[in-house]
Amino acid sequence: MKAAIVVGARPNFMKAAPLIREFKRREKVFPLLIHTGQHYDENMSRIFFEDLELPEPDTYLGVGSGTHAEQTGKIMIAFEEVVRRGRQDLIIVVGDVNSTLACSIVGAKLLVPVAHVEAGLRSFDLTMPEEINRMVTDVLSRFCFTTCHDANENLRREGISEDRIFFVGNIMIDSLLFYLKKAAGSSVLEHLGLEAGSYALVTLHRPSNVDDPETFRGIYDALIELSDSLPIVFPVHPRTRKMIDAADPPFRNNPHLRLIEPIGYLDFIKAMKYARLVVTDSGGIQEETTVLSVPCLTVRNNTERPITIEIGTNVLVGTDGQKILAEARKVLGSGTRQHNIPPLWDGETAGRIADVLEKQFP
Ligand code: UD1
């Protein structure tokens, strides 16, 4: 069976890697890796291929950046050609980026079954582009592979029939658990002069946080204030870098808030594991910190990953600087950590997905 596995943006790579490894081991599914090129910078793409030991893509579509319609349209046109020529039996998409949406539409229209890994997550916020991507992808997918029970419920509520829902666990955690050992060898802490357990790690890139200068300034100023209490390291996403570079008046400096270029997977998971606190607007990092028992403050008003809040590692802090600071101080003042891990976030998800597919395509 030929399966096209689609990756496009940074958070896709660690979700595809365990599947490719599993398929190669079993030799029943023949995986073809398609990289749309949504992310193309060295440190947003290439470094992840190296760290995750991903094979070279079989096809690189090279679509690059653009408006949502431009980017989605370009991916659809290029990917349609790939599927027409390659006659794949299955298209596997992961996560919720524009590449996920574009390729699931192409698959559905060419009548090739689509499998969505990480299906059913909902923020119930249609101003978030990923929410649209998630909803459309799920409705078109023959296989909705879910990470948690609330995702199953969301799909049922939207009328997805039971035979399309497969609760398999969290594939991103397969990569996290698999690579933690290798990441132990990373010298990122020494390199950045950080002491284990006594720094905060920050990532921010959501349009709702960084595209509006005033919103972003409020968050940034809170980080400056927090950096008086503990050093902060902030690998800056290209979207966020643009905003910082264009800011007028410029953002304040504080030597304890270090803005650095985006870092690779192994360095990042090591930096996350030893952080005292993580402040982020990412989706995946909310889950990775849950498994690592690291307190996480999510700079958003909602999350499509409510299980991380139920478990207690994650707190939604919105975008108000004072609230972010107050919650950060609560974390710094408390010595307790949550150690619960959601069901099936166990490193075995790729195996469960392969089991389902082998049954359906004997
Ligand atoms: C995308 C995903 C988002 C995901 C994020 C992770 C969508 C709608 N959004 O957002 O869900 O959380 O990736 O990073 O798919 N750029 C570069 N170099 C790159 C890539 C992007 O400079 O390698 C710059 C470009 O100026 C581009 C901007 O970043 O216009 C945004 O890139 P884009 O892919 O549109 O969205 P992200 O914000 O990265």
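Everything below is about the structure printed above this text.
Conventions and cut-offs
- Residues numbered from 1 in each chain as written.
- Predicted model: local features only at pLDDT ≥ 70, side-chain atom pairs only at ≥ 80, totals over all residues.
- Heavy atoms only, no water.
- Helix = DSSP H or I, 4+ residues; strand = E, 2+ residues; numbered from the N terminus.
- Rg over C-alpha atoms; globule rule 2.2 N^0.38 Å.
- Buried < 20%, exposed > 50% of the residue type's maximum accessible area, 1.4 Å probe, protein only.
- Areas by Shrake-Rupley, 256 points an atom, 1.4 Å probe, with all protein chains shown as cover.
- Core = buried A, V, L, I, M, F, W, Y, C linked by side-chain atoms within 4.5 Å.
- Contact = heavy atoms within 4.5 Å.
- Pairing = 2+ DSSP bridges.
- Axes fitted to C-alpha atoms, helices over the stretch in contact; angles between N-to-C directions.
- Right-handed = clockwise from strand over helix to strand, strands pointing away.
- Polar contact = N/O pair within 3.5 Å; in protein donor to acceptor, adjacent residues only side chain to side chain.
- Phe/Tyr/Trp six-rings, centres within 6.5 Å; stacked < 30°, edge-to-face > 60°.
- Lys NZ or Arg CZ within 6 Å of the ring centre and 35° of its normal.
- Parallel < 35°, antiparallel > 145°, perpendicular 65-115°, else oblique.
- Left-handed = near helix turned anticlockwise from the far one by under 90°.
- Nonpolar A, V, L, I, M, F, W, Y, C, P; charged D, E, K, R; others polar.

Now, about the overall build of the chain: what can you tell me, with residues and values included?
A count of helical and extended segments in the chain gives 16 helices and 13 strands. Its C-alpha radius of gyration of 20 Å places the chain within 12% of the 21 Å reference for a compact globule of 362 residues. Projected onto its principal axes, the C-alpha positions of the chain cover 60 × 40 × 40 Å. Across the 362 residues that make up the chain, the buried fraction comes to 59%. About 15,000 Å² of surface is accessible on the chain, with carbon and sulfur atoms providing 53% of the total.

An account of the nonpolar core is requested, with residue identities and associated values reported.
Counting residues in each nonpolar core, the largest one holds 63 residues, and the members touching the most others are L19, L52, I92, F145 and Y265. A total of seven residues in this core trace back to one element, the largest contributor, which is helix α1 (residues 10-26). Excluding residues within four positions of it along the chain, F145 makes contact with A115, H116, V117, E118, A119, F166, V168, I353, V356 and L357. Grouped together as the second largest cluster of nonpolar side chains are 29 residues, L204, I219, I224 and V299 included.

Now, about helix α12 (residues 265-273): what can you tell me, with residues and values included?
The element α12 is largely enclosed, with a buried count of seven among its nine residues. Among all positions in α12, only Y265, L266, F268, I269, K270, A271 and M272 are buried.

So what's going on with the sheet that holds strand β9 (residues 232-235)? Which residues, and what values?
Taken together, the six strands give an open sheet; going across it, the order is β10-β9-β8-β11-β12-β13, and neighbouring strands pair in parallel fashion. Edge positions in the open sheet fall to β10 (257-260) and β13 (314-316), since each of these has one partner strand only. Each adjacent strand pair in this sheet contributes to an overall mean axis angle of 20°, direction not counted. Taken together, the three bridges between strand β12 (residues 296-298) and β13 define a ladder with parallel strand orientation. Paired with T298 across the two strands is L316, which belongs to β13.

Tell me about the pairing of strand β2 (residues 30-35), and name the residues and values.
Buried residues dominate β2, accounting for five of its six residues. Here six bridges tie strand β1 (residues 2-7) to β2, and the two strands are oriented parallel to one another. Across the sheet, A4 pairs through a bridge with L32, a residue of β2. Once the chain exits β1 it traverses α1 before rejoining the sheet at β2, and the crossover so formed is right-handed. Regarding the hand of the β-α-β motif, the stretch spanning β2, helix α2 (residues 42-51) and strand β3 (residues 59-60) is right-handed.

Go over the side chain of D138 with me, naming the residues and quoting the values.
Tracing the backbone shows D138 in helix α5 (residues 129-140). D138 gets classed as buried once you look at its relative accessible area, which sits at 0%. Within the structure, the side chain of D138 is placed 2.5 Å from the side chain of H116, a separation counted as a polar contact. Those residues in contact with D138 that lie beyond four places of it in its chain are H116, A119, G120, R122, C144, L155, I160 and R164.

Now, about the packing of aromatic side chains: what can you tell me, with residues and values included?
Throughout the structure, instances matching the rule amount to eleven aromatic pairs. Plain terms: the ring middles of F178 and Y179 are 4.9 Å apart, the flat faces sit at 80° to each other, and that makes the pair edge-to-face. By relative accessible area, F178 is classed as partly exposed at 44%. Given a relative accessible area of 2%, Y179 falls into the buried group. An aromatic cluster is present here, built from F143, F145, F166 and F361 joined pairwise through their rings. Across the ring face of F178, the terminal group of R21 is positioned such that the distance to the ring centre comes to 3.7 Å. Over the aromatic face of F143 sits the side chain of R142, whose NZ or CZ is 4.6 Å from the ring centroid.

A description of the packing of helix α4 (residues 98-109) against α5 should follow, citing residues and the corresponding values.
Interaxial distance between α4 and α5 falls to 9 Å at its minimum, and their mutual angle equals 25°. On the basis of their axis angle, the class for α4 and α5 is roughly parallel. Pair α4 / α5 crosses with left-handed handedness. Here α4 contributes N98, T100, L101, S104, I105 and A108 to the contact with α5, which in turn contributes N133, V136, T137 and L140. Across the contact of α4 with α5, the residue classes tally to five nonpolar, five polar and no charged.

None of the figures reported here should be taken as evidence of function without further support.
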